[in-house]
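Listed below, chain by chain, are the residues.
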Amino acid sequence: VKDETVGADEELDTQYYKSAFESVKEVKASGEAYTQKVMEEGAVLLKNTNNALPLASTDKISLFSASSVEPIISGYREMREKKSGTTNLLDGFKEAGLSVNEDLYNWYKNSSYGRQYIVGPGLYSIVNINEAPWDKIPEDVKVKSGYNTAVFVLSRIGGEGTDNQMFDNGEGEPGKEWDGYHGNYLALSEEERSVLKGLKEAKDNGKYDKVIVLCNFTNQVMLDFVDDPAYGVDAVL
């Protein structure tokens, strides 16, 4: 763009908004730092009985659910690509100086449990929860000696064009209820309920000091269970 008032050979600077960054690398680094800030400030402590949180250096962690190995890191696009700058919960807890039951973590990692596509991936995906029930988790890894804190990771995924299935009270079509409670993807599945009940029993028997639920989802899940004495949940984050 030429401006005759500044000389025939001079170009008018038409860039109205100047970038604060010198490179794309700087842009990405700034975005990742801001994302972490949003996560830290956006985390909500919904329940905290007997100061179960924050975790102490004496807490040794057993991570439960297949999602403890594959947590949700974004909306439905997470189904198609892994994002840079992400870590896993095992490394995150260890970097915070906490000990994690790696035998249990590796059992989930090597199992066939975890999110499965009924339709998809991509737009209009339907995802099966496919959680491991309590009785399928080996006894020697789910109540490993010395690990006093159970962290159950509750995950659901959804996004634009991937509406969650909300059949409830048995209204889902036969064979299409998937594994949500009565087909409701935003409620606990029977398998998830079995794990929480199993953890409650293990806590009552002195094998765990506390049970924490880590909510990891892009769509709000029904949390009617958190105050149900049948589950014995101490904290919800």
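Residues numbered from 1 in each chain as written. Predicted model: local features only at pLDDT ≥ 70, side-chain atom pairs only at ≥ 80, totals over all residues. Heavy atoms only, no water.

Asks: Would you mind showing me how to read the overall build of the protein here?
Replies: Regarding its fold elements, the protein presents five helices and eight strands. When the helices and strands of the protein are read in sequence order from the N terminus, they spell out α-β-β-α-β-α-β-β-α-β-α-β-β. With 237 residues in all, the protein has 40% of them scored as buried. In the protein, the share of contacts with a sequence separation of at least 24, taken over all contacts with a separation of at least 6, comes to 69%. Summed over all atoms, the accessible surface of the protein reaches about 13,800 Å², with 49% contributed by carbon and sulfur. (Helix = DSSP H or I, 4+ residues; strand = E, 2+ residues; numbered from the N terminus. Buried < 20%, exposed > 50% of the residue type's maximum accessible area, 1.4 Å probe, protein only. Contact = heavy atoms within 4.5 Å. Areas by Shrake-Rupley, 256 points an atom, 1.4 Å probe, with all protein chains shown as cover.)

Asks: For this particular structure, what's the right way to read the packing of aromatic side chains?
Replies: The relative placement of two aromatic rings is captured by the distance of their centres and the angle of their planes. Following the criterion strictly, the structure yields six aromatic pairs and no others. Ring geometry for Trp 107 against Tyr 113: centres 6.0 Å apart, planes inclined by 35°, an arrangement best described as tilted. On the basis of relative accessible area, Tyr 113 is assigned to the partly exposed category, the value being 25%. Clustering of aromatic rings is evident, with ring pairs tying together Phe 64, Trp 134 and Tyr 208. When the ring centre of Tyr 147 is taken as reference, the NZ or CZ atom of Lys 60 above it lies at 4.8 Å. The ring of Tyr 185 has Arg 156 sitting right over it, with the charged end atom 5.3 Å from the ring centre. (Phe/Tyr/Trp six-rings, centres within 6.5 Å; stacked < 30°, edge-to-face > 60°. Lys NZ or Arg CZ within 6 Å of the ring centre and 35° of its normal.)

Asks: Please explain unusual backbone geometry as it appears in this structure.
Replies: Trans is the prevailing form of peptide bonds, just as negative phi is the prevailing case for residues other than glycine. Pro 54 follows Leu 53 through a cis peptide bond whose omega is 0°. The residue Pro 54 is located in the loop between β1 (47–48) and β2 (60–64) in this model. Of note in this structure, Asn 130 is not a glycine but carries a positive phi near 55°.

Asks: Any chance you could explain the sheet that holds strand β3 (residues 99–100) here in plain terms?
Replies: The strands that make up a sheet are held in pairs by hydrogen bonds between backbone atoms, and each pair lies either parallel or antiparallel. One open sheet accounts for six strands, arranged β1-β8-β7-β6-β2-β3; its pairing is mixed. A strand with exactly one partner marks an edge of an open sheet, and here the two such strands are β1 and β3. Across the sheet, helix α5 (residues 190–204) is in contact with β2, β6 (149–156) and β7 (210–217); its angle to β6 comes to roughly 170°. (Pairing = 2+ DSSP bridges. Axes fitted to C-alpha atoms, helices over the stretch in contact; angles between N-to-C directions.)

Asks: How should the environment of Leu 196 be read in this particular structure?
Replies: You can see Leu 196 is positioned in helix α5. If we ignore the near neighbours within four places in the chain, the residues touching Leu 196 are Phe 152, Leu 188, Val 213, Phe 225 and Tyr 231.

Asks: Explain the pairing of β7 here, please?
Replies: Across a regular strand the side chains alternate sides, sitting on one face of the sheet and then on the other. The element β7 is largely enclosed, with a buried count of six among its eight residues. Of the pairings in the sheet, the one linking β6 to β7 comprises eight bridges and is parallel in character. Of the residues in β7, the one forming a bridge with Val 151 is Ile 212. Relative to strand β8 (residues 235–236), β7 is paired through two bridges, and the arrangement is parallel.

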